[in-house]
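Chain residues, written in single-letter form:
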Amino acid sequence: GKGVFEVAGRTWEVSPGDLFFARPSQLIRYTADEQQPWEYYWGGFAGADAGLIIGQTDFTPEQPVMHAVFGKELARSLEQICLYSSSPAAANMKMTGQLYLALSLIVERSAAKSERSPARRYVDEARKYISYNYSIAITVEDIAAFVGVSRVTLFRAFTECEGLPPIEYLARFRITQAARLLRETAMNVTSVAYSVGFDDRLYFSRVFKKYMGVSPKEYARKYSAEGQL
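Residues numbered from 1 in each chain as written. Predicted model: local features only at pLDDT ≥ 70, side-chain atom pairs only at ≥ 80, totals over all residues. Heavy atoms only, no water.

Description of the packing of helix 4 (residues 118-133) against helix 5 (residues 140-147)
Think of two packed helices as two axes; the pair is described by the angle between the axes and how far apart they sit. The condition that has to hold: For every element, the axis is a line fit to its C-alpha atoms; helices are fit only across the contacting stretch, and the angle between N-to-C directions ranges from 0 to 180 degrees. To qualify as a helix, a DSSP run of H or I must reach at least 4 residues; to qualify as a strand, a run of E must reach at least 2; elements of each kind are numbered from the N terminus. To sort the angles, those under 35 degrees are grouped as roughly parallel, those over 145 as roughly antiparallel, those from 65 to 115 as roughly perpendicular, and the leftovers as oblique. In this scheme the crossing of two helices becomes right-handed for a clockwise turn of the near helix relative to the far one and left-handed for an anticlockwise turn of less than a right angle. What makes two residues a contact is simply this: any of their non-hydrogen atoms within 4.5 Å.
Between helix 4 and helix 5, the shortest axis-to-axis distance is 9 Å and the interhelical angle comes to 120°. Taken together, the axes of helix 4 and helix 5 are oblique relative to one another. Of the two possible hands of crossing, helix 4 and helix 5 adopt the one that is right-handed. Counted together, Tyr 122, Glu 125, Ala 126, Tyr 129 and Ile 130 of helix 4 and Asp 142, Ile 143, Phe 146 and Val 147 of helix 5 form the full contact between these two elements.

Description of the packing of helix 4 against helix 6 (residues 151-161)
To be explicit about the condition: Residue type decides the class: Asp, Glu, Lys and Arg count as charged, Ala, Val, Leu, Ile, Met, Phe, Trp, Tyr, Cys and Pro as nonpolar, and the leftover types, Gly among them, as polar.
Where helix 4 meets helix 6, the closest approach of the two axes is 9 Å, and the angle between their N-to-C directions is 100°. Viewed along their axes, helix 4 and helix 6 adopt a mutual orientation that is roughly perpendicular. Each of Ala 119, Arg 120, Tyr 122, Val 123, Ala 126 and Arg 127 in helix 4 lies in contact with helix 6, whose residues at this interface are Thr 153, Leu 154, Ala 157, Phe 158, Glu 160 and Cys 161. Of the residues belonging to the contact of helix 4 with helix 6, the class tally is 8 nonpolar, 1 polar and 3 charged.

So, the environment of Ala 144
Note that Ala 144 resides in helix 5. Look past the residues within four positions of Ala 144 in its chain and what remains in contact with it is Val 149, Ser 150, Arg 151 and Leu 154.

Considerations on the nonpolar core
The following threshold applies: By nonpolar core we mean a set of buried residues, namely Ala, Val, Leu, Ile, Met, Phe, Trp, Tyr and Cys, connected to one another through side-chain atoms within 4.5 Å. Between buried and exposed lies partly exposed: a residue is buried under 20% and exposed over 50% of the maximum accessible area for its type, with that area taken using a 1.4 Å probe on protein chains only.
One finds Ile 130, Ile 143, Leu 154, Val 196, Phe 198, Phe 204 and Phe 208 to be the most contacted residues of the largest nonpolar core, which totals 34 residues. Taken together, the elements giving at least two residues each to this core come down to helix 4, helix 5, helix 6, helix 7 (166-184), helix 8 (189-195) and helix 9 (201-212). Looking at this core, the element that brings in the most residues is helix 7, giving 8 residues. Setting aside residues up to four positions removed in sequence, Leu 154 forms contacts with Tyr 122, Ala 126, Val 140, Ile 143, Ala 144, Val 147, Val 149 and Pro 166. Membership of the second largest hydrophobic core comes to 13 residues, among which are Phe 21, Ile 54, Ala 68 and Ile 81.

Next up, the structure:
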């Protein structure tokens with residue numbers, strides 16, 4: 001079948017074999033065609049490597065749709081995830097394995113189509129470094145040194161590929177991880193702050209509220225209350 005996918009004020013017509021990608025917290029709308037309604041598979045995933053993996057695909061904020069010549073293989077992996085979801089033994093590991101197989105098909109297709117630009121390579125390496133080291137007091141200089149470029153070059157690469165400077169990307173990444181800890185653990189705010197690379201609780205609280213709209217305590221209280229419902 002077919003339909004339309006809408007995001008950020010733009011619309012794409014989606015037909016058999018197409019994939020569309022929705023980023024976290026992004027307002028989207030997708031509608032099946034009335035005459036030829038679609039059937040589709042979907043999967044949701046998160047984690048420290050999620051952004052790195054998507055960064056190696058052709059999906060971008062400006063182009064969230066691609067055609068999949070490997071559609072049958074992708075469908076098989078997604079079907080296996082559904083099957084494993086009802087299996088009690090080692091289900092999460094099996095589902096994760098199939099998810100990586102599915103994502104690898106998309107990455108391979110993108111790599112075969114075109115080589116990454118130097119800016120994208122710098123950003124991908126920087127994001128990898130951040131995902132492994134955000135819990136310690138790293139700086140933009142540390143990130144640039146790991147990538148092997150100057151701070152100015154890294155700044156230009158991030159603004160070109162991500163639309164924001166590396167210092168803001170690092171802050172957003174840390175706050176995303178902090179929010180996850182506040183939702184999923186009983187850690188207090190000070191412990192969470194230290195765990196994501198902040199050595200000043202008050203500064204952490206200000207940064208958290210800037211991005212999340214509420215203080216860490218209010219955020220944790222909200223999810224604690226929801227868990228008791």
